[in-house]
Amino acid sequence: MIYLDHNATTPLAPEALEAMLPYLREQFGNAGSGHALGLVAQEALVLARSRVAALLNADPGELVFGSGGTESLNHALRGALTPAKRHVVSTAVEHSATLAILEDLKRAGVEVTLVGVDAQGRLDLEALEAAIRPDTALVTVMAANNETGVLFPVSEVARLAKAKGALCHTDATQAVGKVPVDVRAWGVDLLTFSGHKFHGPKGIGGLFIRRGVRLRPFMVGGQQERGRRGGTENVPGIVGLGRAAELAQAGLADMPRLAQVRDAFEARLKADHPDLVVHGGEAGRLPNTLLAGFPGLEGEALLLRLSQRGICVSVGSACTTGQREPSHVLRAMGADHGVARGTLRFSLGQGQTEADLRVVAEVLAERVTDLRAKGGLGR
Ligand SMILES: Cc1ncc(COP(=O)(O)O)c(C=O)c1O
């Protein structure tokens, strides 16, 4: 199998699994208990917290662990609102989780302004600056787009938000582990991350909350996470997340190589398919992501044919698979409908080589020819 869907999720690193196992077996203590078993769990949380903090250049006390990206987005977007400030600025290409939360907030009377992107998926910074108002509670932009891989200028956005008295949150779910993420250099107040996107376990992630920022808790309950997120801590998950963070830091050194593998693959596809459209190809992108449109073809049909040959890719975002409409990201970029429909996302991961990708290019050439012979739709 050749797995090219790392933006949907990544395999758990064996080292992370090893680190977790004792906490799923004999070290089952509740980190809130005062006895020896509880203390072991507490110590494990302290170590994991410091490892994740090191990856993000945060202080350990600035992290709140929760169930993943979606929960942290809810915490950040809902928690930043105040009675006096009920306006949020975001972008049209955010992850569907962010857009769903914003829709929900709108139903509760919150005003939302979504800023657009250009044909390459680059953020319109001037429009973003113009959108920030005195009653803007939060400016939230993703660090990297899950479909195109296009990077947003987070530090610029944070500077603009701060100048106008708004908080700045970035959804770094796709950025962590692929590009350096530094909450200090970026100057953000809030940052979301999720373990399963960088070889940690599923169901664990967190929110960076810069010291001094007041944010209403989202998950109200016990006094865990200093009262910022109620519920008994997921000790094995947090331990796995910590180990994955350590590995991610070391793994950043492999990213320039991965970008070369991606670029060589992209060049090969362009040579094999002269009408190929690379979405966001002229923008700064994540090193692992290629979103490519095969005009006149049905992406789903191509995906299934690749899957039959053991190659896993996706049509844009995994979350919109099954929908026949082009993704909201491609719509915001003004992509041609016929190109958007035939779009596949290839998201590479650690250790993948040019040889792996040559196999994919060969199978693709064969499958595309086959599909075109059937009129492009595969039905
Ligand atoms: C950019 C982005 N934000 C948020 C999420 C949601 O993260 P989680 O699956 O941990 O809830 C994803 C996952 O696909 C994502 O790609």
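Throughout this description, residue numbers start from 1 for each chain and increase along the sequence as written. Totals for whole chains, interfaces and linings use all residues, but because this is a predicted model, local features are given only for residues with pLDDT of at least 70 and pairs of side-chain atoms are given and counted only at 80 or more. Each side-chain value is derived from all of the structure's non-hydrogen atoms; neither hydrogens nor water enter the calculation.

Chemist: Would you mind showing me how to read unusual backbone geometry here?
Modeler: In this model, His199 sits at a positive phi of 70°, which is unusual for a non-glycine residue. Secondary structure elements follow DSSP: runs of H or I of four or more residues count as helices, runs of E of two or more count as strands, with numbering from the N terminus. Along the chain, His199 turns up in the loop between strand S7 (190-194) and strand S8 (205-209).

Chemist: Looking at this structure, how should I read the sheet that holds strand S9 (residues 277-278)?
Modeler: By way of backbone hydrogen bonds, the strands of a sheet pair with one another, either parallel or antiparallel. Read across the open sheet, the three strands follow the order S9-S10-S12; overall the sheet is antiparallel. Each edge of the sheet is formed by a strand with only one pairing partner; in this case those strands are S9 and strand S12 (343-347). At least two bridges found by DSSP between two strands are what make those strands a pair. Two strands pair when backbone bridges link them, and strand S10 (residues 289-293) and S12 are joined in this way by five bridges, in the antiparallel orientation. Bridge pairing in S12 links Gly293 to Thr343. Together, S9, S10 and S12 form the strand contacts of helix H9 (residues 255-272), whose direction differs from that of S10 by roughly 10°. Contact between two residues is taken to exist if any of their heavy atoms lie within 4.5 Å; hydrogens are not considered. Axis angles are defined between N-to-C directions and span 0 to 180 degrees, where every axis is a line fitted to C-alpha atoms and, for a helix, only to the segment in contact.

Chemist: In this structure, what is going on with the site of the ligand? I would like to understand it.
Modeler: In the vicinity of the ligand lie 13 residues, with Gly69, Thr70, Asp171, Ser194 and Lys197 positioned nearest. Counted as a polar contact is a pair of N or O atoms within 3.5 Å, where, for protein atoms, one must be capable of donating a hydrogen and the other of accepting one, and residues adjacent in sequence contribute only when both atoms are in side chains. One of the side-chain nitrogen or oxygen atoms of Asp171 is found 2.7 Å away from a nitrogen atom of the ligand. Residue Lys197 places a side-chain N or O atom 2.6 Å away from an oxygen atom belonging to the ligand. Relative to its unbound accessible surface of 390 Å², the ligand loses 87% to contact with the protein. What makes a residue near a molecule or strand is one non-hydrogen atom of that residue sitting within 4 Å of it. To be clear on the numbers: accessible area is Shrake-Rupley with a 1.4 Å probe, and residue cover counts the displayed protein chains and nothing else.

Chemist: Sorry if this is basic, but what is going on with the sheet that holds S8 here?
Modeler: On the basis of which strands lie adjacent, the open sheet formed by seven strands has the order S2-S8-S7-S6-S5-S3-S4 and mixed pairing. Of all the strands in the sheet, the pair left with one neighbour each is strand S2 (63-66) and strand S4 (111-115). Pairwise comparison of adjacent strand axes, ignoring direction, gives a mean angle of 20° for this sheet. Here strand S5 (residues 136-142) pairs with strand S6 (residues 167-171) via five bridges, running parallel. Counterpart to Leu138 in the pairing with S6 is Leu167. Across the sheet, helix H2 (residues 36-56) touches S2 and S7, and the angle it forms with S2 is around 115°.

Chemist: Whenever I open this one, the environment of Gly334 confuses me. Can you help?
Modeler: The residue Gly334 is located in the loop between helix H11 (328-332) and helix H12 (337-341) in this model. Note on exposure labels: buried denotes an accessible area under 20% of the residue type's maximum, exposed denotes more than 50%, and partly exposed covers the range between, all computed with a 1.4 Å probe on protein chains only. What makes Gly334 exposed here is its relative accessible area of 58%.

Chemist: I keep staring at the pattern of salt bridges and nothing clicks. Help me out?
Modeler: Working definition: two side chains of opposite charge can pair if their charged atoms are close together. Any Lys or Arg side-chain nitrogen found within 4 Å of a carboxyl oxygen on Asp or Glu counts as a salt bridge. In this structure the tally under the stated criterion is 27 salt bridges. With a closest N to O distance of 3.0 Å, Arg285 and Glu266 form a salt bridge. Of this pair, Arg285 sits in the loop between S9 and S10 while Glu266 sits in helix H9, and the two are 19 residues apart along the sequence. Taking the relative accessible area as the measure of exposure, Arg285 reaches 12% and is therefore buried. For Glu266, a relative accessible area of 7% gives the class buried. Salt-bridge contacts for Arg309 lead to Glu366; the nearest nitrogen and oxygen are separated by 2.6 Å. Here Arg309 is found in the loop between helix H10 (299-308) and strand S11 (311-312), whereas its partner Glu366 is found in helix H13 (residues 354-373), with 57 residues between them in sequence.

Chemist: For this particular structure, what's the right way to read H2?
Modeler: For an α-helix, the turn length of 3.6 residues means that residues three or four places apart are oriented alike. By this rule the span expected of a helix is its residue count minus one, scaled by 1.5 Å. With 21 residues, H2 should reach 30 Å at 1.5 Å per residue; the first-to-last C-alpha distance of 31 Å fits that figure. Taken residue by residue, H2 has Gly38, Ala41, Ala44, Leu45, Ala48, Arg49, Val52, Ala53, Leu55 and Leu56 as its buried positions. Taken around the axis of H2, the buried residues stretch over an arc of 165°, which confines them to a single face. Along H2, exposed side chains directed more than 90 degrees from the buried face belong to Ala36, Glu43 and Val46. The inward-facing, buried residues of H2 abut helix H1 (14-24), S2, helix H7 (183-186), S7 and helix H8 (235-251). Of the residues trailing H2, Asn57 is marked for its positive phi of about 60°. Of all possible arcs, the one meant is that of the directions from the helix axis to the C-beta atoms.

Chemist: It is not clear to me how the nonpolar core should be interpreted in this structure. Could you clarify?
Modeler: The nonpolar side chains of a soluble globular protein tend to be buried with one another. Residue types Ala, Val, Leu, Ile, Met, Phe, Trp, Tyr and Cys, when buried and joined through side-chain atoms within 4.5 Å, form a set referred to as a nonpolar core. Counting 62 residues, the largest nonpolar core has Leu56, Leu128, Val139, Val188, Leu191 and Phe193 as its most contacted members. Core analysis: the second largest hydrophobic core is formed by 31 residues, Leu269, Val278, Ala361 and Leu371 among them.

Chemist: Looking at this structure, I do not really get the pairing of strand S3 (residues 87-91). What am I missing?
Modeler: Taken residue by residue, a regular strand's side chains alternate between the two faces of the sheet. Of all five residues that make up S3, five are buried, and the element is covered over most of its length. Of the two faces of S3, the one lined by His87, Val89 and Thr91 and the one lined by Val88 and Ser90 are each fully buried. With five bridges joining them, S3 and S4 adopt parallel strand pairing. Directly across from Ser90, in S4, lies its bridge partner Leu114. If the strands point away from the viewer and the path from the first strand over the helix to the second runs clockwise, then the crossover is right-handed. Regarding topology, helix H4 (residues 96-107) serves as the crossover connection from S3 to the parallel S4, and that connection is right-handed. The pairing of S3 with S5 spans three bridges and is classified as parallel. Looking at the pairing, His87 lines up with Thr136 of S5.

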